[in-house]
Every structure is written in C-alpha cells, then in structure tokens.
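Breakdown of the fold
What follows is each chain in one-letter form.
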Amino acid sequence: IAFAIGCFEVYPDPIIPEVTYFCLPGLSSILKNTVQFVHEVFEYYEELLSSGFPHSSYKLVFVNNSYQSVMNYSSLGIFSTELLHSHRIIDDVQMTRRLIAQAIARQYFGCYMLHQSWSDWWLSEGLSLFISGLFIRRMFGSTEYQFYIMEEHNKVCQYEMNN
C-alpha cells in the first residue's frame with residue numbers, strides 16, 4: 001500500500017478514463033508527451049493475456065527525489081520525474097516506455113499470482129518482464145528487443161561472475 005501527498009497536476013488519460021496521471025506543477029506538458037503511449041500498453045496486454053486489467057483504476061504519479069525510478073503498488077505506480085521527457089528528446093523514450101510497460105505488467109501478475117514465499121517472487125517478476133519485452137518488440141522492433149535481451153543477459157553474467 002502506498003500513497004503520494006503533494007500539490008499535483010492531474011491529467012486523466014484521454015483514451016482510457018480509468019488511468020490517471022499526476023505530476024508536479026509545471027510538468028504537465030512533458031507528462032502528456034511521456035505517457036501518450038500508455039493506452040497501447042493496456043490494449044496489448046489485454047489482448048495478449050485475454051484478460052482485463054485486474055484493478056478498477058490505475059494511477060501513475062511522477063515525483064521528485066524518488067527512492068527508485070519505478071515503485072509498484074496495487075493500482076499505483078510511483079515514478080521519478082527524471083523519466084519525463086519532452087517531444088524534442090528522443091534518447092530517453094525507449095527506457096521510459098520500457099519502465100512504464102514493466103510497471104503495468106507487474107500490476108497483472110502481482111494481482112493474479114500469490115506467492116507462498118519470497119523464493120516464489122521470480123515467477124511473477126519473470127512473467128512481467130517477459131510480456132513487457134514482447135511489448136517493447138512490438139513498439140520498437142526486433143533490434144531493440146534483442147538489445148534489451150542482451151542487456152539482461154549481461155546483467156545475469158555479471159552477477160554470476162561476482163558471486
């Protein structure tokens with residue numbers, strides 16, 4: 001359970017009314033640019049999983065000085081304002097969209113799968129990352145997807161070498 005308190009500007013999604021975005025004052029223009037694709041994520045996941053979103057609503061809150069870039073909670077995602085970008089910046093688009101797609105995927109598997117212990121966490125996390133990877137492949141193409149897989153593979157290899 002989480003909550004965010006502050007003076008936020010509210011932006012309801014123009015296509016999916018159950019999705020609402022919150023940002024700090026003065027950031028609404030770059031917020032709109034950053035989240036303009038979110039309806040595509042929901043549509044893709046609902047089609048892929050043949051299931052609707054498990055919650056009645058979803059809120060994305062962008063805050064300063066967050067502990068992590070993305071923090072997931074039931075029907076709420078808290079994101080760093082560092083992920084917001086204007087239409088003139090193309091360098092951050094892929095990473096931001098990947099992180100938002102992963103956060104939405106975690107909503108599905110966090111709700112539909114119960115963990116008996118912490119050692120079961122890998123299953124919901126792995127499935128979430130898998131379907132978000134499929135969305136990335138659909139949105140950015142096979143080359144970006146293969147690069148993402150290579151990055152993840154390198155992280156696993158680095159972890160194995162250090163331990």
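Everything numeric in this text was worked out from a predicted model, so none of it was measured. What you see as residue numbers is a count from 1 along each chain, following the sequence as written. A pLDDT threshold of at least 70 governs which residues receive local features in this predicted model, and a stricter bar of 80 or more applies before side-chain atom pairs are shown or counted, although totals over entire chains, interfaces and linings include all residues. In computing side-chain values, all of the structure's heavy atoms are included and hydrogens and water are not.

Charged atoms that come close allow side chains of opposite charge to pair. In what follows, salt bridge is the name for a side-chain nitrogen of Lys or Arg lying within 4 Å of a carboxyl oxygen of Asp or Glu. Applying the stated rule across the entire model yields 3 salt bridges. The residue E151 makes a salt bridge to R98 at a minimum N-O spacing of 3.2 Å. In this pair, E151 sits in helix α5 (residues 142-162) while R98 sits in helix α3 (residues 93-112), placing the two residues 53 residues apart along the sequence. A salt bridge links E152 to K155; its shortest N-O distance comes to 3.3 Å. With E152 and K155 both in helix α5 and 3 residues apart, the pair spans about one turn of that helix. Residue classification places E152 among the partly exposed residues on the basis of a relative accessible area of 25%. The class for K155 is exposed, based on a relative accessible area of 52%. Put simply, DSSP H or I for four residues or longer makes a helix, DSSP E for two residues or longer makes a strand, and each gets a number counted from the N terminus. In this scheme, a residue with accessible area under 20% of its type's maximum is buried, one over 50% is exposed, and one in between is partly exposed, where area comes from a 1.4 Å probe on protein chains only.

Time to look at the environment of T96. Position of T96 relative to the elements: it lies in helix α3. Once residues within four sequence positions are removed from consideration, T96 is found in contact with T34, L83 and H85. A polar side-chain atom of T96 sits 3.0 Å from the main-chain carbonyl oxygen of L83. For this analysis, residues touch if any pair of their heavy atoms sits within 4.5 Å. Within 3.5 Å is the distance limit for a polar contact, defined as a pair of N or O atoms, with the added protein rule that one can donate a hydrogen and the other accept it, and that residues adjacent in sequence qualify only through two side-chain atoms.

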